Amino acid sequence: MRTVELLLDEAADLAVREAWWRLADAGLPSQARHHSPTNSPHLTLAACPELTAPIRWELAEVAAALPLPVRVTGVVRFERPTSVLAWALHLDPALAALHDRVWDAVVSDSPPETLNPLHAPARWSPHITLGRSRRAGAFAGPRVFELLPAPPSSVRLTTLRSYDTETGTLEVLEPRS
């Protein structure tokens, strides 16, 4: 499976990593515990079995639209099927249009049953994961919110990349020259 993700500007990346470490230091689930060199703060747009030539063509156009500023709206918790704690991003028209282009690209050249329905435009909730656990309610209670630094008011989404879950490799997806 290949993900399609957006990386954050340096200041936002550092702010997310601070939140990761605060959670880890408190003994809570945190992305800081993932020691892979490919682990970095990001926004997942979609995932598909492979990046075919038609998908890559469209993703190059998406990459050309970066950087993209996005407002952070606060902390959010999901229970689906894992517990996730994240900073939510405002789905403004520019981010929605960028996501729609990525979704349309992967849908056009991937078997529908291979796509995550949570990435579909009607269901997608843009967020930057701070911690994840298979334990339901892992982030319940107000204590979690007290541990976290205040999120930045906005972030810049700067780089489009793909992670290959089978090989563990990353690829930066560049605009066409």
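Preceding this section is the structure that the text describes.
About the cut-offs
Residues numbered from 1 in each chain as written. Predicted model: local features only at pLDDT ≥ 70, side-chain atom pairs only at ≥ 80, totals over all residues. Heavy atoms only, no water. Helix = DSSP H or I, 4+ residues; strand = E, 2+ residues; numbered from the N terminus. Rg over C-alpha atoms; globule rule 2.2 N^0.38 Å. Buried < 20%, exposed > 50% of the residue type's maximum accessible area, 1.4 Å probe, protein only. Lys, Arg positive; Asp, Glu negative; His and termini not counted. Charge placed at Lys NZ, Arg CZ, Asp CG, Glu CD. 1 Å grid on protein atoms, 1.4 Å probe; cavity = no way out; pocket = protein on both sides within 12 Å on 5 of 7 lines; lining within 4 Å. Points joined across faces, edges and corners; volume = space filled by probe spheres on them. Nonpolar A, V, L, I, M, F, W, Y, C, P; charged D, E, K, R; others polar. Polar contact = N/O pair within 3.5 Å; in protein donor to acceptor, adjacent residues only side chain to side chain. Contact = heavy atoms within 4.5 Å.

Engineer: Mind laying out the overall build of the protein chain, listing which residues take part and the relevant values?
Structural biologist: From N to C terminus, the protein chain includes four helices and seven strands. The order of helices and strands in the protein chain, counted from the N terminus, is β-α-β-α-β-β-α-β-α-β-β. Against the globule reference of 16 Å for 177 residues, the protein chain gives a C-alpha radius of gyration of 16 Å, in line with a compact fold. Based on the C-alpha atoms only, the size of the protein chain along its principal axes is roughly 45 × 30 × 30 Å. The 177 residues of the protein chain split such that 47% are buried. A gap of 7 Å separates the mean positions of the 17 positive and 20 negative side-chain charges of the protein chain.

Engineer: Tell me about empty space enclosed by the protein, residues and numbers included.
Structural biologist: Summed over the entire model, instances satisfying the criterion amount to one cavity of 30 Å³ or more. Considering only enclosed or pocket space, the largest cavity measures out at about 30 Å³ in volume. In terms of lining, the largest cavity is formed by Trp20, Gln31, Ser40, Pro41, His42, Ile128 and Thr129. Split into classes, the residues belonging to the lining of the largest cavity amount to three nonpolar, four polar and no charged.

Engineer: Tell me what's going on with the side chain of glutamate 5, and back it up with residues and numbers.
Structural biologist: As for its placement among the helices and strands, glutamate 5 is situated in strand E1 (residues 2-8). Looking at glutamate 5, its side chain comes within polar contact range of the side chain of threonine 3, at 3.0 Å. In this structure, glutamate 5 is in contact with His42, Leu43, Thr44, Leu45, Thr159, Leu160, Arg161 and Tyr163, ignoring residues within four places of it in sequence.

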